[in-house]
Amino acid sequence: MTFSPHVWYPIYETTTRVRRLNPIQDQRLAALIMWVPAGLIFLALGLALLAGWLSEAQRRVALAASELPQKREK
């Protein structure tokens, strides 16, 4: 929808003139308004999953390090 060279809904060819946008500009603006918030939600979810994955990896490394035999000092 954002990169479409033609108007998807012909009725918008007459309704967008009031706002000084041509139909393609209006369609692209609407697509951006829909995609940006949705993209931010996916970005936040991805960052949360990445943070959880990294903290789990850090926990496993710390657990493995604590299970190593301690060197005896002579």
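Residues numbered from 1 in each chain as written. Predicted model: local features only at pLDDT ≥ 70, side-chain atom pairs only at ≥ 80, totals over all residues. Heavy atoms only, no water.

Caption draft 1: Quick look at the overall build of the protein. From N to C terminus, the protein includes 2 helices and 0 strands. Taken across its 74 residues, the protein has 12% of its residues classed as buried. With the model as given, the accessible surface of the protein reaches about 6,900 Å², and the carbon-plus-sulfur share is 68%. (Helix = DSSP H or I, 4+ residues; strand = E, 2+ residues; numbered from the N terminus. Buried < 20%, exposed > 50% of the residue type's maximum accessible area, 1.4 Å probe, protein only. Areas by Shrake-Rupley, 256 points an atom, 1.4 Å probe, with all protein chains shown as cover.)

Caption draft 2: Looking closely at a nonpolar patch on the surface. Side chains of Leu32, Val36, Leu40, Leu43, Leu47, Leu50, Trp53 and Leu54 sit close together on the surface and give an oily, nonpolar patch of about 820 Å² of accessible area. Relative to the helices and strands, Val36 resides in helix H2 (residues 23–67). On the basis of relative accessible area, Val36 is assigned to the partly exposed category, the value being 46%. (Patch = residues over 30% accessible without salt bridge, like charges linked within 9 Å, V, L, I, M, F, W, Y side chains within 5 Å. Salt bridge = Lys/Arg side-chain N within 4 Å of Asp/Glu carboxyl O.)

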